[in-house]
Amino acid sequence: MRMQPDPNYILTGDYDGGILRWDVRMRKVMQEFHGHENDYHGLPFHVDDTANIVYAVGTDGFTRAWSLTTAQLLCTLPAPCPVQDAAHVPKVLFSTEWGGVSGCTGFLFSANVDKRPMAYLYPVRPAVFQL
């Protein structure tokens, strides 16, 4: 569960691979973010520092990002290395400012490759994330 800047909304992840945005006042799901495989636990997800994008990695290793305001799927990225089990699902961070304010928009992946930690930066077009 994640609180949002607006205290009237929260985000929750479910065991089916979905993320739900709830209006706490109405006790009602307002938006649903679907597309992930998730076999064994609640789906971990993150909200970017501008509170515009929600992103998560499914057990299939794919990273998906959605607009938090429209629930539109913005991108789907494959894992940087094969995902054999839960220990190999990559860890992911998103930023519009890798390398400083005028830096690169992208996802930073951390994954174990042959028992060695590796980091990968996947740049994405900033236009995809201008909401």
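All values reported here derive from a predicted model rather than from experimental measurement.

**Q** With reference to specific residues and values, describe the environment of Gln 72.
**A** Checked against the element boundaries, Gln 72 lands in the loop between strand E7 (63-67) and strand E8 (73-77). Along the primary structure Gln 72 and His 34 are separated by 38 residues, whereas in three dimensions their C-alpha atoms are 9.9 Å apart. Apart from residues lying up to four places away in sequence, Gln 72 is in contact with Ala 65, Trp 66 and Ser 67.

**Q** Can you lay out the packing of aromatic side chains for me, pointing to particular residues and giving the numbers?
**A** Evaluation of the coordinates by the stated rule reveals four aromatic pairs. Relative to Trp 66, the ring of Phe 33 has its centre 5.9 Å away and its plane inclined at 65 degrees; by these criteria the two rings are edge-to-face. Pair noted here: Phe 33 is in strand E4 (residues 28-33) and Trp 66 is in strand E7, with a separation of 33 residues, a long-range link. With a relative accessible area of 1%, Trp 66 lands in the buried category. Considering the side-chain rings of Tyr 55 and Phe 94, the 6.1 Å spacing of their centres and the 55 degrees angle between planes classify their relative orientation as tilted. Of this pair, Tyr 55 sits in strand E6 (residues 53-57) while Phe 94 sits in strand E9 (residues 91-98), placing them 39 residues apart in sequence. Each member of the pair, Tyr 55 together with Phe 94, is buried. In this structure an aromatic cluster arises from ring pairing among Tyr 55, Phe 94 and Phe 107. Just above the ring of Tyr 9 sits the side chain of Arg 21; from NZ or CZ to the centre is 4.3 Å.

**Q** Outline the nonpolar core, listing residues and values.
**A** Counting residues in hydrophobic clusters, the biggest one holds 13 residues, and the most contacted among them are Ile 53, Tyr 55, Ala 65, Val 92 and Phe 107. At the level of elements, E6, E8, E9 and strand E10 (104-113) are the ones that each hand at least two residues to this core.

**Q** Describe the sheet that holds E7, naming the residues involved and giving the relevant values.
**A** Read across the sheet, four strands follow the order E5-E6-E7-E8 without closing on themselves; strand pairing throughout is antiparallel. Unpaired on one side and paired on the other, strand E5 (45-47) and E8 mark the two borders of the sheet. For this sheet, the mean angle separating the axes of adjacent strands, direction not counted, is 15 degrees. Alignment of E6 against E7, held across five bridges, turns out to be antiparallel. The partner of Val 57 across the bridge, within E7, is Thr 63.

Cut-off values and rules
Residues numbered from 1 in each chain as written. Predicted model: local features only at pLDDT ≥ 70, side-chain atom pairs only at ≥ 80, totals over all residues. Heavy atoms only, no water. Helix = DSSP H or I, 4+ residues; strand = E, 2+ residues; numbered from the N terminus. Contact = heavy atoms within 4.5 Å. Phe/Tyr/Trp six-rings, centres within 6.5 Å; stacked < 30°, edge-to-face > 60°. Buried < 20%, exposed > 50% of the residue type's maximum accessible area, 1.4 Å probe, protein only. Lys NZ or Arg CZ within 6 Å of the ring centre and 35° of its normal. Core = buried A, V, L, I, M, F, W, Y, C linked by side-chain atoms within 4.5 Å. Pairing = 2+ DSSP bridges. Axes fitted to C-alpha atoms, helices over the stretch in contact; angles between N-to-C directions.

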